[in-house]
Amino acid sequence: MDRRQFLFGGFLLGTQSAFGHPALRLIEAIVADTTRKAYADTTSTAVRNYLNVGILGAPNRYAFDAWLRTNSNDPALVFNSMTGTAFTSSNGVVTGTEYRTMTYKGLIVPHIFSQSVNISTGAVPLTSYLDQMLVIRGYGTGVDGHPQNFNLQQKPLAGKPSISGLAADASTKSFEAVQYPGRASYSSFASLKNLALNTLPDPKPVSSLMNGIQSNASVRSLRTAHSEALDIAKAQLKNSTGTQTAASIAARKSMDNAMALIKKGVGDLDGYWTEAYGRYYAIVHNAMRTTGLPGINDVAINTASSSNVAFQLMYADANPHFANPAYDGRQLTTQMLVGRLCEGLALAEYVYSNNLVTSLEIGPDAPSNLLFQSITDSSPKMISAAYDMHFTGSVYSLLLTTALYRGLMAGLLELRSKLQAVKSSDGSTVWSNTVVQIMSDFNRSAKGDSSGADHGYNQMVTSVFSGALNGPEVVGNVTRDAGIGAYPGSQGVGAAISGYSQVGIPDTKAMASTMSQLLNVGSNPWENLAQPLIQLSGTSLVLPYGRGKVIG
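In this convention, every chain numbers its residues from 1, walking through the sequence in written order. Where local features are concerned, this predicted model is filtered to residues with pLDDT of at least 70; where side-chain atom pairs are given and counted, the filter is 80 or more; whole-chain, interface and lining totals use all residues. Side-chain calculation: all heavy atoms of the structure are included, whereas hydrogens and water are not.

1. Digging into the overall build of the protein chain
Secondary structure elements follow DSSP: runs of H or I no shorter than four residues count as helices, runs of E no shorter than two count as strands, and numbering proceeds from the N terminus. Counting secondary structure elements, the protein chain contains twelve helices and 25 strands. A total of 552 residues make up the protein chain; the buried ones form 60% of that total. Contacts are assigned to residue pairs that have any heavy atoms within 4.5 Å of one another. A sequence separation of at least 24 residues applies to 74% of the contacts in the protein chain between residues at least 6 apart. For the accessible areas, the method is Shrake-Rupley and the probe is 1.4 Å, while residue cover comes only from the protein chains on display. With an accessible surface of roughly 19,300 Å², the protein chain has 51% of that area assigned to carbon and sulfur atoms. Buried residues are those whose accessible area, probed at 1.4 Å on protein chains only, stays under 20% of the maximum for their type, while exposed residues exceed 50% and partly exposed ones sit between those limits.

Right under this line is the structure:
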């Protein structure tokens, strides 16, 4: 029998197909996972969980993972104020930006990693995130366009799978691939097995699911039917295995565990969501709103001029707005909200902890609830910003992105702590078999006058946070000076890699090929055209083309 026949055949006697309502889908997944585990224990696959965090719109990433000078052997950078990672100040007032760094385990990294965040277990230094972080930089496409470049990173070659589709194709789980929220034109899921991408509904994936469970009588009857089916399946399994082989013992254990999960009652899901979403909401937003951070919001952020481009902010209306000289910019992020990120993280914790999904795509909305006072405002007001930061100057770009990436890292550190507590069938933790990729359309081409940043389609970066590796590490070369008209200085423009299979700036296949190694899918659709930039030996990173460096 193939896997789908096994899942939906005789083991689920008396049940109905439940692929409509999301509540029914999740219960169906839990039940189907019972037989999947019995099957997978005898035909094990080593594919890792894949969590894609897509930040649509492409915010400036210099404060987080668009690393520039990372080694003491690299030449000194040519400074561009838009790439600053911390503020300079004089007499208690911000005067500009600088590329401030710290050294950790021999690698030079941005200032943000000198900070800490709080998760449910207490304060955690962000160097703990570095311990399992890989940066892949210095690649590009040579073509412009937001969704085009996002999709070329997920699916860089026609006729081949996307990265998420590659993970899904190797999956033995009930749901191979899930997306929340729907990415519209930014979605490029492609499976060579013709698997479907399950897109969960807005506004909240599991709150919608909870409403159905609480009110839909068919769900309760479905649960009863499945409980009966599980009893039948268990009896059939015991009768059919005969001898006490290791596989039959493992299959029975999987069946017992799944039966216990179902019989706990679907009401537990409602309790889970209330707790988990609230927990992630507090952790993420507390990290974003933290004040008194050295070099970030520990001194006043005022402008003496009503037309200083470093102090302008691009609203969601796509227009620049100058800060009022009476406004202290530290207020900007004190009530900041980022929608859908906390929902996505709570969803990830649930589906990975319960072994339901292999490939999950999530992503945060653009920042809202920003308290800003423009030159036309008599007092600060709430506005929403844009991730496409053409006209967000160096000051507010740094303030906003530091808050965003603090919140993101805090949420992922919380997810790590929860998945570290869950064991896989082989005794390893779920976290050790999970790969998180942080990606956006591209990084930004930083303007030399501090007024904002445009589309950096030849200076792309993606980063990985995973229990499968030891970090920090960086691969991919960048040029010392972009030397491009309005975009001078060091800002991560890609450079050739000596001895590499692609001549000149590597393209998105280099990144995808590298991701396939991390996911351990057993096949690499891109390796003939672009060799992976890393190999894994246990959790140690082997760099066949060396650590990334600055060229020029």
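2. Observations regarding the sheet that holds strand β13 (residues 357-362)
Pairing between strands is defined by DSSP: at least two bridges between the two strands are required. The mixed open sheet is built from eight strands, whose spatial order is β10-β9-β13-β1-β16-β19-β8-β20. Every interior strand has two partners, whereas the edge strands, β10 (198-199) and β20 (473-475), have only one. Here strand β8 (residues 133-139) pairs with β20 via three bridges, running parallel. When the sheet's bridge partners are listed, Ile 136 is paired in β20 with Val 475. Contacts from helix α11 (residues 394-419) reach β1 (49-55), β16 (434-440) and β19 (460-466), with the element oriented near 165° to β1. The convention used is that axes are lines fitted to C-alpha atoms, helices contributing only their stretch in contact, and that angles between N-to-C directions extend from 0 to 180 degrees.

3. A closer look at the confidence of the model for the protein chain
Per-residue confidence for the protein chain gives a mean pLDDT of 86; residues scoring 70 or more make up 79%. For every residue, the predictor assigns a confidence score, pLDDT, that lies between 0 and 100. In the predicted structure, residues 207-226 sits below a pLDDT of 50 and forms 39 contacts with residues beyond four places in sequence or in another chain. This model gives residues 259-267 a pLDDT under 50, and the stretch forms 18 contacts once residues within four places in sequence are excluded.

4. A look at the nonpolar core
Leu 51, Phe 113, Tyr 129, Leu 360, Tyr 396 and Leu 412 are the most contacted members of the largest nonpolar core, which has 93 residues in total. The element best represented in this core is α11, accounting for 15 residues. Those residues in contact with Leu 412 that lie beyond four places of it in its chain are Leu 51, Tyr 129, Leu 345, Val 436, Ile 438 and Phe 465. Note on terminology: a nonpolar core comprises buried Ala, Val, Leu, Ile, Met, Phe, Trp, Tyr and Cys residues joined through side-chain atoms within 4.5 Å. Listed in part, the 31 residues of the second largest apolar core include Val 47, Phe 442, Tyr 500 and Leu 519.

5. Overview of the packing of aromatic side chains
Aromatic ring pairs are reported here in terms of the distance separating the ring centres and the angle at which the planes meet. Here a pair means two rings of Phe, Tyr or Trp (six-membered ring of Trp) with centres within 6.5 Å. Their orientation is stacked below 30 degrees between planes, edge-to-face above 60, and tilted elsewhere. Under the counting rule described, the total for this entry stands at 16 aromatic pairs. Each residue in the set Phe 64, Trp 67, Phe 113, Tyr 129, Tyr 405, Trp 431 and Phe 465 is aromatic and connected to the rest through ring pairs, giving one cluster.

6. Concerning the pattern of salt bridges
We define a salt bridge as a side-chain nitrogen of Lys or Arg found within 4 Å of a carboxyl oxygen belonging to Asp or Glu. Throughout the structure, instances matching the rule amount to 14 salt bridges. For the salt bridge of Glu 275 with Arg 279, the shortest nitrogen-to-oxygen distance reads 2.6 Å. Residue Glu 275 and its partner Arg 279 are both found in helix α9 (residues 267-289); the two are separated by four residues, about one turn of the helix. In this structure, Glu 414 engages Arg 279 in a salt bridge whose closest nitrogen and oxygen atoms are separated by 2.8 Å. Pair noted here: Glu 414 is in helix α11 and Arg 279 is in helix α9, with a separation of 135 residues, a long-range link. Of the two residues, Glu 414 and Arg 279, both sit in the buried class.

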